[in-house]
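Understanding the architecture of this molecule
One-letter residues, chain by chain:
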Amino acid sequence: MHVVVPDPALPGRVETRPLVNGRPYEPEHLPGGLEATEEGWEVRLAEAYCTEGCCGALYVTIVRDGDTVVWRGWRDPDSPAVELEPFRFAAGSYDEVVARAVDDDGWEWPARTVAREVRRSLREDPGLLAAWECEAGGTYAEADRRDEIQVVFWHPREPSADGEDQPDDEPWVLFQWTVLIDDTDAGDQAARLVDWLRGNDPRPHARTVGGGPEFAERLGLPWPDWDDDYEE
């Protein structure tokens with residue numbers, strides 16, 4: 001199980017690359033997503049760069065069968081041409097490799113570590129953003145921008161995908177906050193940022209990047225002039 005970090009001079013995503021009999025299969029994230037259970041579950045291992053809806057993706061079902069883990073049911077929603085036989089692994093060795101990969105963060109650069117720690121804190125304590133009528137979206141660091149992280153959050157909350165929790169016309173906006181990272185200890189930087197959020201509203205420091213001008217106006221917020229941003 002290998003983690004591959006792209007060249008910082010080029011845009012790209014960090015990838016987790018499992019090698020099966022020397023052949024790579026590439027999920028980008030590995031949050032325990034390759035764990036095997038007796039019930040089994042389907043995992044997306046790879047997605048076309050232009051998104052699954054455009055050019056497809058690679059899925060497999062992972063299931064535990066006694067002392068064996070099986071990858072089976074390979075499929076690509078965009079093509080019927082996936083013809084891969086089931087892969088079988090010794091369950092003990094499989095569990096060990098997946099656990100080691102999940103726990104390995106030695107490949108991270110400082111901003112990536114800060115982003116991970118801040119993301120964990122926001123997940124464990126939703127009140128950090130709820131105090132400012134906001135809800136966490138995501139926190140990440142890009143490989144070609146190693147001196148910053150992006151904190152994405154909703155105001156007043158994330159819109160419901162199915163409309164059951166809130167009306168379709170209830171206003172919302174999406175903010176993106178760029179936080180600069182330095183060479184000091186990453187854990188200390190994450191702790192300071194989380195502590196700062198306990199007493200400070202992040203919205204004035206962030207850009208509005210989603211929701212639309214009508215929703216922003218109803219919430220009493222300005223909507224950016226994208227032409228001006230582009231010229232900058």
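Higher on the page you've got the structure.
These notes cover the structure that comes with them. In this text the structure is predicted, and so the values were computed from the model without any measurement.

The next subject is the overall build of the protein chain. Along its length, the protein chain carries seven helices and twelve strands. Burial analysis of the protein chain (232 residues in total) assigns 35% to the buried set. Residue pairs at least 24 apart in sequence account for 45% of intrachain contacts in the protein chain once pairs closer than 6 positions are excluded. Total accessible area on the protein chain is roughly 13,900 Å²; 47% of this is exposed by carbon and sulfur atoms.

Turning next to helix H3 (residues 110–124). Taking 1.5 Å of rise per residue, the 15 residues of H3 would be expected to cover 21 Å, and the 21 Å separating its terminal C-alpha atoms lies within 8% of that figure. Listing the buried residues of H3 in full gives Ala-111, Arg-112, Thr-113, Val-114, Ala-115, Val-118, Ser-121 and Leu-122. Elements that come into contact with the buried residues of H3 comprise helix H4 (127–130), strand S9 (135–140), strand S10 (148–155) and helix H5 (186–197).

Moving on, we come to the packing of H3 against H5. It is the contact of H3 with H5, at a shortest axis distance of 8 Å, that shows an interaxial angle of 40°. Looking at the two axes, H3 sits oblique to H5. The handedness of the crossing between H3 and H5 is right-handed. Where H3 abuts H5, its residues Pro-110, Thr-113, Val-114, Glu-117, Val-118, Ser-121 and Leu-122 lie against Ala-186, Gln-189, Ala-190, Leu-193, Val-194 and Leu-197.

Let us look at the environment of Gly-137. You can see Gly-137 is positioned in strand S9. Exposure remark for Gly-137: the relative accessible area of 47% places this residue in the partly exposed category. Sequence separation between Gly-137 and Val-151 is 14 residues, and the spatial gap between their C-alpha atoms is 7.7 Å. In this structure Gly-137 touches Val-152, Phe-153 and Trp-154, once residues within four positions along its chain are discounted.

Looking now at the sheet that holds S10. The four strands are arranged S9-S10-S11-S12 in an open sheet whose pairing can be described as antiparallel. Strands with a single pairing partner mark the edges of an open sheet, and in this sheet they are S9 and strand S12 (207–210). In this sheet, adjacent strand axes meet at a mean angle of 30° when their direction is disregarded. Taken strand by strand, H3 contacts S9 and S10, and its axis lies near 160° from that of S9.

Definitions and limits used
Residues numbered from 1 in each chain as written. Predicted model: local features only at pLDDT ≥ 70, side-chain atom pairs only at ≥ 80, totals over all residues. Heavy atoms only, no water. Helix = DSSP H or I, 4+ residues; strand = E, 2+ residues; numbered from the N terminus. Buried < 20%, exposed > 50% of the residue type's maximum accessible area, 1.4 Å probe, protein only. Contact = heavy atoms within 4.5 Å. Areas by Shrake-Rupley, 256 points an atom, 1.4 Å probe, with all protein chains shown as cover. Expected span 1.5 Å × (residues − 1). Axes fitted to C-alpha atoms, helices over the stretch in contact; angles between N-to-C directions. Parallel < 35°, antiparallel > 145°, perpendicular 65-115°, else oblique. Left-handed = near helix turned anticlockwise from the far one by under 90°. Pairing = 2+ DSSP bridges.

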